[in-house]
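Below are the chains, spelled out letter by letter.
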Amino acid sequence: MRTLIKNGTVINPETHFMEITNVIIEDEKIVHIGPITNVTVDDHIIDASGLLVVPGLVDIHVHFRDPGFPQKETISSGALSAAAGGFTSVVCMPNTKPSIDTVETLEYVLRTGLEQAVVKVYSSAALTYGIEGKVLTEMESLKQAGAVTFTDDGRTVMDPKLVYTAFRKAAELDVPISSHCEDHHLVSGGSLNQGEVSNQLGDPGIPRLGEELIIARDILFAEETGAQLHIQHVSTARGVQLIREAKARGVRVTGEGAPHHFSITDEQALLCGTLAKVNPPLRTKEDVEAVIAGLADGTLEAIATDHAPHTAEEKARPLGEAPFGLVGLETAVGLTFTFLVHSGRLSLMDALAKLTVNPSEIMGLPSGRLTKGSDADITILDPQKEWTVDPEQFKSQSRNSPFAGMKLKGKAVLTMVNGTVVYDEMLN
Ligand SMILES: NC(=O)N[C@@H](CC(=O)O)C(=O)O
Ligand SMILES: [Zn+2]
Ligand SMILES: [Zn+2]
């Protein structure tokens, strides 16, 4: 059977292609993009008039909690959440239990992804055993087994000697290091950005400097060793500036901005408490503006959700005891369109590049392109669709979103992986 997606605005950010045309899919692949000459009766036809037909979105920062915390998310529920958000490829973070620090656990995650997930599941591996910051993992064999990047996300490796060794190894293996930046000597005990809101709520606060010190440190390690460095979830104005300056002098560094860091501030904690507790924390208006400026000028190449599901019970704990993190996959497109595209801060093409080809390139994935011959991983977006975030409707197993009740404009309405529709609210 062939599938025909007709009359959509077809966009391939890699080549800046944008045209109202058609896409034909046959046997899991895109076989044609352009005018249609013959439509056969048994073709499955999807009318995309007025909609955007884009490469399946790529999220290089998700927490799927398997192994270890299936009550928060499993690889299959996480994948359903990804599909509902328009994502067709994801990169899992290694802070599971056990953490993804051996070939065996990595293979378990990748195999479960193949067997149970409706989207393509890639994985990082831990930099250190147990994400304990003490002993480096066997990076070479983990890379061979499919790890696309190394990170202790959730924690920072503090020992500079260990980090230096890891960067040298990464340079040798030509694999990116992804860095969660937080100096634990400076940052501990706080739940929110250190400032007026944390004061008001009696929280010790998390200083920007703790994040910036590690961004600066890791940039120096990348510069020294030639390794490729990716800075995760940048949240401060000076953090963005450090990356901008490093790029200007030729350091191999990339950065990601998370939707919550370009859309809301620490004041959200006054409205929804622990639901707005995330690491790095929501900061202030100036930082939000700087993250947007960093996305706009290319300092931050990627938008990544840092999808971090937690149970309602955990989030019901007092501010200082609840875990950090928020559900991100199903609100990312709405937040990107509302706060970046419709607001005129990023062009449509640029915003889509940050959700497709750019993150894919950073992690060396085959995804993120919409071209003849490529896998039919396609997302249809309705840029004008207005909707209200209702966590009860999430496909994710968790509901911890600070965006509940927010009105957004822009949504994924159909997601296809290898030619199979895995999410559909167009009702074709
Ligand atoms: N972002 C978060 O607030 N939490 C993440 C860890 C992380 O990305 O640092 C988690 O695993 O819950
Ligand atoms: Zn992190
Ligand atoms: Zn994370």
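Residues numbered from 1 in each chain as written. Chains lettered and ligands numbered in written order. Predicted model: local features only at pLDDT ≥ 70, side-chain atom pairs only at ≥ 80, totals over all residues.

As recorded by an unreviewed UniProt entry, the chain carries the name Dihydroorotase and is attributed to Paenibacillus foliorum. Quoted straight from UniProt, the Function (unreviewed entry) entry for the chain says "Catalyzes the reversible cyclization of carbamoyl aspartate to dihydroorotate." Per UniProt, the chain has the following entry under Catalytic activity (unreviewed entry): "(S)-dihydroorotate + H2O = N-carbamoyl-L-aspartate + H(+)". (UniProt positions renumbered as here; feature names shortened; annotations may be inferred.)

Draft legend 1. Structural view of the site of ligand 1. Close to ligand 1 lie His63, Asn95, Asp153, Gly154, His180, Val278, Asn279, Asp306, Ala308, Pro323, Phe324 and Gly325. Among the residues making up the shell around ligand 1, the classes are represented as four nonpolar, six polar and two charged. (Near = placed C-beta within 6 Å. Nonpolar A, V, L, I, M, F, W, Y, C, P; charged D, E, K, R; others polar.)

Draft legend 2. Spotlight on the packing of helix H6 (residues 208–225) against helix H7 (residues 237–248). The contact between H6 and H7 brings their axes to 9 Å, and the two run at 15°. Between H6 and H7, the interaxial angle falls into the category roughly parallel. The crossing of H6 and H7 is right-handed. Across from Arg208, Glu211, Glu212, Ile215, Ala216 and Ile219 in H6, the residues of H7 making contact are Arg238, Gly239, Leu242, Ile243 and Ala246. Split into classes, the residues belonging to the contact of H6 with H7 amount to six nonpolar, one polar and four charged. (Axes fitted to C-alpha atoms, helices over the stretch in contact; angles between N-to-C directions. Helix = DSSP H or I, 4+ residues; strand = E, 2+ residues; numbered from the N terminus. Parallel < 35°, antiparallel > 145°, perpendicular 65-115°, else oblique. Left-handed = near helix turned anticlockwise from the far one by under 90°. Contact = placed C-beta atoms within 7 Å.)

Draft legend 3. Main features of the sheet that holds strand E7 (residues 87–92). In space, the three strands of this open sheet follow the order E6-E7-E8, with parallel pairing throughout. The open sheet terminates on both sides in strands that have one partner only, identified here as strand E6 (57–62) and strand E8 (120–123). In this sheet, neighbouring strand axes are inclined to one another by 20° on average, regardless of whether the strands run parallel or antiparallel. Pairing geometry for E7 and E8, over four bridges, is parallel. Within E8, the position partnered with Val91 by the bridge is Tyr122. Where helix H2 (residues 103–116) meets the sheet, it contacts E7 and E8, and its direction lies at approximately 170° from that of E8. (Pairing = 2+ DSSP bridges.)

Draft legend 4. Local environment of the nonpolar core. Of all hydrophobic cores here, the largest spans 109 residues; its most connected members are Val53, Ala83, Val90, Val119 and Phe150. Ranked by the residues each element gives to this core, the list is headed by helix H11 (residues 332–341), at seven residues. The residues that make up this core include at least three from each of domain 1 (2–53 + 375–424) and domain 2 (56–362). Beyond its immediate sequence surroundings of up to four residues, Phe150 is in contact with Ser124, Ala125, Leu127, Met139, Ala166, Ala170, Val175 and Ile177. Formed by 14 residues, the second largest nonpolar core is a distinct cluster that contains Val187, Ala269, Leu282 and Leu326. (Core = buried A, V, L, I, M, F, W, Y, C linked by C-beta atoms within 7 Å. Buried ≥ 20, exposed ≤ 12 C-beta atoms within 10 Å, placed from the backbone. Domains from an automatic or database assignment.)

Draft legend 5. Region of interest: the UniProt feature "binding site: substrate" (unreviewed entry) in the chain. Summarizing the sequence annotation, UniProt attributes the feature "binding site: substrate" (unreviewed entry) to His63, Phe64, Arg65, Asn95, Asn279, His310, Phe324 and Gly325 in the numbering used throughout. Take His310: it is sitting in the loop between strand E12 (302–303) and helix H10 (312–315). Setting aside residues up to four positions removed in sequence, His310 forms contacts with Lys72, Lys315, Pro323, Gly325, Ser398 and Asn400. Within the fold, Phe324 resides in the loop between H10 and H11. Setting aside chain neighbours within four positions, we find Phe324 in contact with Lys277, Val278 and Asn279.

Draft legend 6. Structural context of the UniProt feature "binding site: Zn(2+) 1" (unreviewed entry) in the chain. On the UniProt side, "binding site: Zn(2+) 1" (unreviewed entry) is annotated at positions that read His61, His63, Asp153 and Asp306 here. A compact arrangement is adopted by the annotated residues: their sequence extent is 246 residues, whereas the largest C-alpha distance between any two is 9.9 Å. Inspection of the secondary structure assignment puts His63 in the loop between E6 and helix H1 (75–84). Residue classification places His63 among the buried positions, given that 25 C-beta atoms sit within 10 Å. Looking at the secondary structure, you find Asp306 in the loop between E12 and H10.

Draft legend 7. Highlighting the environment of Arg238. Looking at the element boundaries, Arg238 is found in helix H7. Remark: the alpha-carbon pair of Arg238 and Thr15, spanning 223 residues in sequence, is separated by 32 Å. Residues in contact with Arg238, not counting those within four places in the same chain, are Arg208 and Glu212.

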